[in-house]
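Spelled out from the first residue to the last, the chains are:
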Amino acid sequence: MHDYGDMLLINFSVWESTESLWDYVYRSPHLGVLRRRREWFLRAVEPYMVMWWVPDGEIPSLAEGMERLERLRTGGPGPEAFTFKDAYTPEGRPSSEAASLPAAAEARK
C-alpha cells in the first residue's frame, strides 16, 4: 500500500545500467506482458516511468521516485529524471547510447 492513490500500480526497481534494463524490458519474455498492458491499464497521457542514476550502496525511496517522476513531467528530461528516449550518463551528459538502442515501436502499440 502507498499514499499515491488506489488507481496507481507502482513498480520500483534498481538496475546496474540502462542497457540491462532495456534488455529486460524489450529482449526478454517481459516484452510479451508489456505488449498486453492495454488489457489492464488505461493509456497514460503523461510520463509514467522515470529513470535516474543512484550512487552505489544507496537505496532510493518511493517518495524520491515520485519526486523524480514529477520533475520529468513538469520540466522534461534531464540528468535528474529521464527516459530511455532521452537518457543521460551518470556524469549528467546526454547519452549517445539512447540513440543507438533499437526502437521498441511494437511494444509501444
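Located above this text is the structure these notes cover.
Residues numbered from 1 in each chain as written. Predicted model: local features only at pLDDT ≥ 70, side-chain atom pairs only at ≥ 80, totals over all residues. Heavy atoms only, no water.

### A few points about the packing of aromatic side chains
In the structure shown here, the tally under the stated rule is 7 aromatic pairs. Ring geometry for Trp 53 and Phe 82: centres 6.4 Å apart, planes at 40°, overall tilted. One end of the pair, Trp 53, is in the loop between α2 (30-35) and α3 (62-75); the other, Phe 82, is in the loop between α3 and α4 (96-100), and 29 residues separate them in sequence. Aromatic rings pair up to connect Trp 22, Tyr 26 and Phe 84 into one cluster. (Phe/Tyr/Trp six-rings, centres within 6.5 Å; stacked < 30°, edge-to-face > 60°. Helix = DSSP H or I, 4+ residues; strand = E, 2+ residues; numbered from the N terminus.)

### Some thoughts on a nonpolar patch on the surface
Among the surface-exposed residues, Leu 9, Val 33, Trp 40 and Phe 41 lie close enough to one another that they form a single nonpolar patch of about 450 Å² accessible area. For Val 33, the location among the structural elements is in helix α2. Given the relative accessible area of 48%, Val 33 is considered partly exposed. (Patch = residues over 30% accessible without salt bridge, like charges linked within 9 Å, V, L, I, M, F, W, Y side chains within 5 Å. Areas by Shrake-Rupley, 256 points an atom, 1.4 Å probe, with all protein chains shown as cover. Salt bridge = Lys/Arg side-chain N within 4 Å of Asp/Glu carboxyl O. Buried < 20%, exposed > 50% of the residue type's maximum accessible area, 1.4 Å probe, protein only.)

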